[in-house]
Amino acid sequence: ISVWLFEIGFSLSYGSILLKSWRIEQIFSNKTMSKPRKRKRLKNQDLAIYLIILVALFVLFLIFATVSSSIGERDGETNAKPKALVYSVCVRENVFASVFLALHLFILLPSTYLCFKLRRVLTDYAESREISVIVYFTVLIEVIAFVAGLI
């Protein structure tokens, strides 16, 4: 259940960051925003629908990973003296870690790009700097975790 909570929380929080950064980027890079006819409206409802779709994608992968993963049992033995203790441990094969890493990068890499584009935004949108720091550190942690998983 902790994997479910982590992945859904990740998709909600970083998906919201991605959509907020995308909205700010659309506002500042859209040349036609000053023309009333061609103005593209970014409603909160539209962004909420995009976020729901993103979370639903994560939930579908979670369902697939939960249903198709195998849980086994492995025997272990302690090195306690004078008598060793034999025990069983539940083992879950984590073959979907790379799928979830790819989903994380699906959110984090565009967020990183948008944060880079928005680094010189006006002070009214100054929280984009804090968002940039959060995204950059999360990408760094994901890369370190991926490399540590290979070792």
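Residues numbered from 1 in each chain as written. Predicted model: local features only at pLDDT ≥ 70, side-chain atom pairs only at ≥ 80, totals over all residues. Heavy atoms only, no water.

Here we come to the packing of helix α2 (residues 44–68) against helix α3 (residues 97–117). At a minimum axis distance of 11 Å, the contact between α2 and α3 shows a crossing angle of 175°. When the interaxial angle is binned, α2 and α3 end up roughly antiparallel. Touching Leu54, Leu57, Phe58, Phe61, Leu62 and Ala65 of α2 are Val99, Phe100, Leu103, His104, Phe106 and Ile107, all from α3. (Axes fitted to C-alpha atoms, helices over the stretch in contact; angles between N-to-C directions. Helix = DSSP H or I, 4+ residues; strand = E, 2+ residues; numbered from the N terminus. Parallel < 35°, antiparallel > 145°, perpendicular 65-115°, else oblique. Contact = heavy atoms within 4.5 Å.)

Time to look at the nonpolar core. If you look at the biggest cluster of nonpolar residues, it comprises 18 residues, and the most contacted ones within it are Phe10, Tyr14, Phe58, Phe100, Ile107, Leu108 and Val135. Listing elements by their share of this core, those giving two or more residues are α1 (2–29), α2, α3 and α4 (127–150). In terms of residue count, α3 provides more of this core than any other element does, six residues in total. Among all residues touching phenylalanine 58, those that are not within four sequence positions of it are Glu7, Phe10, Ser11, Leu103, His104 and Ile107. (Core = buried A, V, L, I, M, F, W, Y, C linked by side-chain atoms within 4.5 Å. Buried < 20%, exposed > 50% of the residue type's maximum accessible area, 1.4 Å probe, protein only.)

Turning our eyes to something else, we now look at a nonpolar patch on the surface. A contiguous nonpolar surface patch, about 390 Å² in accessible area, is contributed by Val133, Phe137, Leu140 and Ile144. By secondary structure assignment, the location of leucine 140 is in helix α4. (Patch = residues over 30% accessible without salt bridge, like charges linked within 9 Å, V, L, I, M, F, W, Y side chains within 5 Å. Areas by Shrake-Rupley, 256 points an atom, 1.4 Å probe, with all protein chains shown as cover. Salt bridge = Lys/Arg side-chain N within 4 Å of Asp/Glu carboxyl O.)

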